[in-house]
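Examining the three-dimensional arrangement
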Amino acid sequence: MTRHFLIDTDLSQAEQTEVLDLAAELKQAPYSRSPYAGIDTSGINADGAATTGRQTVAVIFDKTSTRTRVSFATGIADLGGVPLIIGAGESQLGHKESITDTAKVLERMVSTIVWRTYAQAGLEEMAAASKVPVINALSDDYHPCQLLADLLTIREHKGTLAGLTLAYLGDAANNMANSYLLAGVTAGMHVRVAGPEGHLPQQSVIDLAIARAAETGGSVLVTTDPAAALADADVVATDTWISMGQEPDSASAKDATYELFSSYGVDAAAMAQAAPDAVVLHCLPAYRGYEIAAEVIDGPQSVVWDEAENRLHAQKALMVWLMDRR
């Protein structure tokens, strides 16, 4: 049965560890695995011998991207494959052709489908119709590839994941907050998410996180109190207060949003409430002076640049892991 990666809980705790272990291996030896190279394509050359060649991975972008595009394109090439980048409006997907029909076409031509899109339901429909792995490169609901990179980064700096406390501050109703909850408790972490009323995770996400935490020894706290989330936290994370596709339609609305989140910024005062050796994460792009202070993101506790690099290694490991299970 084809495995897909659409939501953080698509990996069990043991499977998540396998992917992170492989990511660490690939970070040290970037070209040591080649699941997309040397595969029999059933072609016949002039001498009558079967040919082999590099496989293609479709990477579809409905949203703009820097880290996702570069890390997937580079990672696929590192693994011996060919990245086929399909930008918004460059295919029939979603307007002239259904998601299901697109999946049935792509599965006959590519080895993996990576999709950065809006609706999680679209990814689920794609995966249901595809015999090749489908990877969620970001949706409005989850950002599971980012979390693999974040967990790899935390493990590099802390040596372990299980038992650590992670605090996320800001818009707690967005895809990053959801994925921090689900991926964090899958790793056995104690995840605290803080945001203002009206900007907290949906109850269905909280319930899923609580159920997974019961299996792994993790825990969940959802609160409007940033101090409760920050107290002695080992990891502090944040994200932009205005998510892609949710930009206010006026300057006054934007100012109101910033005012609403003003007490959830990660600045020196916030970091003073966390553990002295806490590390700081931000998935980028960052807006200094808003969700995170310049002195924090550019300071000694920041591991943001390791986090950005680790998108490459974590996603390579995920693709290898999925291909090994085809």
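What counts and what doesn't
- Residues numbered from 1 in each chain as written.
- Predicted model: local features only at pLDDT ≥ 70, side-chain atom pairs only at ≥ 80, totals over all residues.
- Heavy atoms only, no water.
- Helix = DSSP H or I, 4+ residues; strand = E, 2+ residues; numbered from the N terminus.
- Rg over C-alpha atoms; globule rule 2.2 N^0.38 Å.
- Buried < 20%, exposed > 50% of the residue type's maximum accessible area, 1.4 Å probe, protein only.
- Contact = heavy atoms within 4.5 Å.
- Lys, Arg positive; Asp, Glu negative; His and termini not counted.
- Charge placed at Lys NZ, Arg CZ, Asp CG, Glu CD.
- Axes fitted to C-alpha atoms, helices over the stretch in contact; angles between N-to-C directions.
- Parallel < 35°, antiparallel > 145°, perpendicular 65-115°, else oblique.
- Left-handed = near helix turned anticlockwise from the far one by under 90°.
- Nonpolar A, V, L, I, M, F, W, Y, C, P; charged D, E, K, R; others polar.
- Phe/Tyr/Trp six-rings, centres within 6.5 Å; stacked < 30°, edge-to-face > 60°.
- Lys NZ or Arg CZ within 6 Å of the ring centre and 35° of its normal.
- pLDDT = per-residue confidence, 0-100.

Looking at the overall build of the protein
Assigned secondary structure in the protein consists of twelve helices and eleven strands. Here the C-alpha atoms of the protein give a radius of gyration of 20 Å, agreeing with the 20 Å that 2.2 N^0.38 yields for 326 residues. If you line up the protein on its principal axes, its C-alpha atoms span 70 × 45 × 35 Å. Residues classed as buried in the protein amount to 53% of the 326 residues present. Contacts in the protein between residues far apart in sequence, at least 24 positions, make up 72% of those at least 6 positions apart. Averaged over its 22 positive side-chain charges, the protein has a centre that lies 8 Å from the centre of its 41 negative ones.

Focus: the side chain of serine 179
Mapping serine 179 onto the fold places it in helix H6 (residues 175-186). Judged by its relative accessible area of 0%, serine 179 is buried. Ignoring anything within four residues of it in the chain, the contact list for serine 179 reads Asp8, Tyr142, His143, Pro144, Leu147 and Gly184.

Section: the packing of helix H5 (residues 144-158) against H6
Viewed as axis vectors pointing N to C, H5 and H6 meet at an angle of 55°, and their least axial separation amounts to 9 Å. Between H5 and H6, the crossing angle belongs to the class labelled oblique. With respect to the hand of their crossing, H5 and H6 are arranged in right-handed fashion. Between H5, through Pro144, Gln146, Leu147, Asp150 and Leu151, and H6, the contact on the second element is made entirely by Met176, Ser179, Tyr180 and Ala183. Residues belonging to the contact of H5 with H6 are distributed by class as follows: six nonpolar, two polar and one charged.

Brief notes about the packing of aromatic side chains
According to the stated counting rule, one finds four aromatic pairs in the structure shown. Between the aromatic rings of tyrosine 168 and tyrosine 180, the centroid separation amounts to 5.5 Å while the plane-to-plane angle is 35°, which identifies the pairing as tilted. Here the residue tyrosine 168 occupies a position in strand E7 (residues 165-169), and tyrosine 180 occupies one in helix H6, the gap between them amounting to twelve residues. The class for tyrosine 168 is buried, based on a relative accessible area of 0%. Measuring from centroid to centroid gives 6.1 Å for tryptophan 241 and tyrosine 258, while their planes differ by 55°, and the two rings are tilted. Of this pair, tryptophan 241 sits in the loop between strand E10 (235-238) and helix H9 (251-261) while tyrosine 258 is found in helix H9, placing the two residues 17 residues apart along the sequence. Judged by its relative accessible area of 17%, tyrosine 258 falls in the buried class. Members of the aromatic cluster, connected to one another through ring pairs, are Trp241, Tyr258, Phe261 and Tyr290. For lysine 316, the ring lying beneath its charged end belongs to tyrosine 31, and the centroid distance is 5.8 Å.

As for unusual backbone geometry
The omega torsion of the bond from leucine 284 to proline 285 falls at 0°, within 30 degrees of zero and hence cis. Of note, proline 285 is situated in the loop between strand E11 (279-282) and helix H11 (294-297). Phi is positive for leucine 284, close to 70°, though the residue is something other than glycine. Inspection of the secondary structure assignment puts leucine 284 in the loop between E11 and H11. Among the residues examined, leucine 284 registers a relative accessible area of 13% and is labelled buried.

Looking at the confidence of the model for the protein
Averaged over the protein, the pLDDT score is 93; the fraction of residues at 70 or greater is 94%. Confidence, read as mean pLDDT per element, is least for strand E1 (residues 39-44) in the protein (46) and greatest for E7 (99). The model gives residues 40-51 a pLDDT under 50, and that stretch makes 14 contacts with residues more than four places away or in other chains.

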